[in-house]
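# Structural features, examined
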Amino acid sequence: MSVQDRKQRERADRERLIVATARELAEQQGWDAVTTRRLAERIEYSQPVLYSHFRGKREIIGAVALDGATELAAAVRAATAAANGPRERVVALARAYLDFAAGNQAAYDALFQLDGGLTFANDDTPEPLKDAFAALLETLGEVAGDGVDPGPFTELFWASLHGLATLTRAGRLPPEYAEPRLELLVDRLAVV
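All of the points below concern the structure found in this document. (Residues numbered from 1 in each chain as written. Predicted model: local features only at pLDDT ≥ 70, side-chain atom pairs only at ≥ 80, totals over all residues. Heavy atoms only, no water.)

Turning next to the overall build of the protein. Of regular secondary structure, the protein possesses nine helices and zero strands. Element order for the protein, N to C, with α for helix and β for strand: α-α-α-α-α-α-α-α-α. C-alpha atoms of the protein, sized along the principal axes, occupy 55 × 40 × 30 Å. Split into buried and exposed, the 192 residues of the protein put 37% on the buried side. In the protein, once contacts between residues fewer than 6 apart in sequence are set aside, the share between residues at least 24 apart is 64%. Accessible surface, the protein: about 10500 Å² in total, of which carbon and sulfur atoms supply 52%. Separation of charge centres in the protein, based on 22 positive and 29 negative side chains, amounts to 6 Å. (Helix = DSSP H or I, 4+ residues; strand = E, 2+ residues; numbered from the N terminus. Buried < 20%, exposed > 50% of the residue type's maximum accessible area, 1.4 Å probe, protein only. Contact = heavy atoms within 4.5 Å. Areas by Shrake-Rupley, 256 points an atom, 1.4 Å probe, with all protein chains shown as cover. Lys, Arg positive; Asp, Glu negative; His and termini not counted. Charge placed at Lys NZ, Arg CZ, Asp CG, Glu CD.)

What follows is the structure in structure tokens.
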């Protein structure tokens, strides 16, 4: 391995460490606790090293969001692949999405609540974000209904899931109705 290859590998490893540490700190204490000073202390590198990878917290949030999008797409695809039939796939998708939102709050917030400097629904949208949407579209497109554009239908279903995830986490929806809400969403929106 050349010196340049080793340096590139070390740089990539440092970048992964910064992102993982930021996400871990955000999961434990919230995104307000994530500062370059605290990250530098935790990973035992100087703040200038952090700034050599990311221009600031916003870019770190964006990197966590991209990782989260990749994980969300994988979770949705794994759940839907294990289900039989269109309705079961939609239910599996919804559960996987809501489970991801509840179990990966720092990544979910980075994706959908915080400014990570990422663009959605544009030509310059990063591939992990496009792929996360595609993972939803793959299943939801088949239940959109005749004459219904699957793109906007997927956006509507996704917005509904996001609302459920956000309101549930904020304690605005009673947890005992989580399953009936999910069933109602699937039964009212998905044509199966």
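In an α-helix, one turn spans 3.6 residues; hence positions three or four apart end up facing the same way. In a regular helix each residue adds 1.5 Å, so 14 residues correspond to 20 Å; helix α7 (residues 127-140) covers 20 Å between its end C-alpha atoms and thus fits that length. Every buried residue of α7 is accounted for by Leu129, Ala132, Ala135, Leu136, Thr139 and Leu140. Down the axis of α7, the buried side of the element spans an arc of 120 degrees, and every buried residue falls inside it. Residues of α7 that are buried in the fold lie against α4 (57-81), α5 (86-103), α6 (105-112) and α8 (150-169). (Expected span 1.5 Å × (residues − 1). Arc of directions from axis to C-beta.)

For the coordinates displayed, the defined rule picks out 16 salt bridges. In this structure, the salt-bridge partner of glutamate 10 is arginine 6, at a minimum N-O distance of 2.9 Å. In this pair, glutamate 10 and arginine 6 are both assigned in helix α1 (residues 3-29), four residues apart and thus about one turn of the helix distant. Between glutamate 183 and arginine 87 there is a salt bridge; the shortest N-O distance is 2.5 Å. (Salt bridge = Lys/Arg side-chain N within 4 Å of Asp/Glu carboxyl O.)

For the rest of this paragraph, the subject is unusual backbone geometry. Here glutamate 44, not a glycine, exhibits a phi torsion of approximately 60 degrees, which is positive. For glutamate 44, the location among the structural elements is in the loop between α2 (36-43) and α3 (47-53). Judged by relative accessible area, which is 73%, glutamate 44 ranks as exposed. Unlike most non-glycine residues, alanine 121 shows phi in positive territory, near 60 degrees. Of note, alanine 121 is situated in the loop between α6 and α7. Take alanine 121: its relative accessible area is 75%, and that puts it in the exposed class.

Note on placement: arginine 181 falls in helix α9 (residues 178-189). Among buried Asp, Glu, Lys and Arg side chains, arginine 181 stands out as unpaired, with glutamate 176 the closest opposite charge at 7.3 Å. Dropping the residues within four chain positions of it, arginine 181 is found in contact with Leu164, Thr168, Leu173, Pro174 and Pro175.

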